[in-house]
Amino acid sequence: MTTRGVLYVHSAPRALCQHVEWAVAGVLGVRVGLDWIRQPAAPGTWRSEFSWKGQAGTASKLASALRDWQLLRFEVTSEPCPTAEGERYSCTPDLGIFHAVTGMHGDIMIPEDRLRAALARSQHDETDLEAEIAKLLGKPWDDELEPFRYAGEGAPVRWLHQVV
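As a starting point, this report considers the structure included with it.

The element strand β5 (residues 86-92) is largely enclosed, with a buried count of seven among its seven residues. Neither face of β5 is left uncovered, since the one carrying G86, R88, S90 and T92 and the one carrying E87, Y89 and C91 both have all their residues buried. Both strand β4 (residues 73-78) and β5 contribute to a ladder of five bridges, which runs antiparallel. Looking across to β5, one finds that E75 is bridged to S90. Between the antiparallel neighbours β5 and strand β6 (residues 96-102) lie three residues.

Let's shift gears to the pattern of salt bridges. Across all of its chains, the model carries 11 salt bridges by this definition. Between R47 and E49 there is a salt bridge whose closest N-O contact spans 2.3 Å. What makes E49 buried here is its relative accessible area of 12%. Between R73 and E144 there is a salt bridge whose closest N-O contact spans 3.9 Å.

Bringing the packing of aromatic side chains into the picture now. Counting across every chain of the model gives one aromatic pair. If you follow R14 out to its NZ or CZ, it ends over the ring of W46, 4.3 Å from the centre.

Let us now look at the side chain of T92. Within the fold, T92 resides in strand β5. Given a relative accessible area of 2%, T92 falls into the buried group. Within the local environment of T92, its side chain forms a polar contact with the backbone nitrogen of L95, the two atoms lying 2.9 Å apart. When near neighbours in sequence (up to four residues on either side) are disregarded, T92 contacts L72, R73, W141, E144 and L145.

Cut-off values and rules
- Residues numbered from 1 in each chain as written.
- Predicted model: local features only at pLDDT ≥ 70, side-chain atom pairs only at ≥ 80, totals over all residues.
- Heavy atoms only, no water.
- Buried < 20%, exposed > 50% of the residue type's maximum accessible area, 1.4 Å probe, protein only.
- Helix = DSSP H or I, 4+ residues; strand = E, 2+ residues; numbered from the N terminus.
- Pairing = 2+ DSSP bridges.
- Salt bridge = Lys/Arg side-chain N within 4 Å of Asp/Glu carboxyl O.
- Phe/Tyr/Trp six-rings, centres within 6.5 Å; stacked < 30°, edge-to-face > 60°.
- Lys NZ or Arg CZ within 6 Å of the ring centre and 35° of its normal.
- Polar contact = N/O pair within 3.5 Å; in protein donor to acceptor, adjacent residues only side chain to side chain.
- Contact = heavy atoms within 4.5 Å.

See below:
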């Protein structure tokens, strides 16, 4: 079953741009040449975004292929399909990677065991419930990535298709 999604590379040093393309090509199984533009939110870095189509699970493969580069900020989304929920991955140098399951309207769906664990931590005075829920929703990642998202408005999007 196929799905589609978008990879947003919010900021990458110039030296990583080619490596990002190679990593994405390795996941999609096709040659990839991204259109890179300067990222005004972080001078000296570049950004790119493109849409992809592939098998369910492609978003996780893309996130895994990119997650170890410490200077890279990115997000990968995947739409739900008949065999899989949607997904969102966000990654920043300071916070690492965030993963969320998304419903058909893009809402984050938090599994009940994660909610129960957050509630238990807050009841044992280990943390604040509001902070736990914010983390489950990816708020720290959204806060850090928002200036990079805003700087990319109007950027071109390229469709890539995975060969199956």
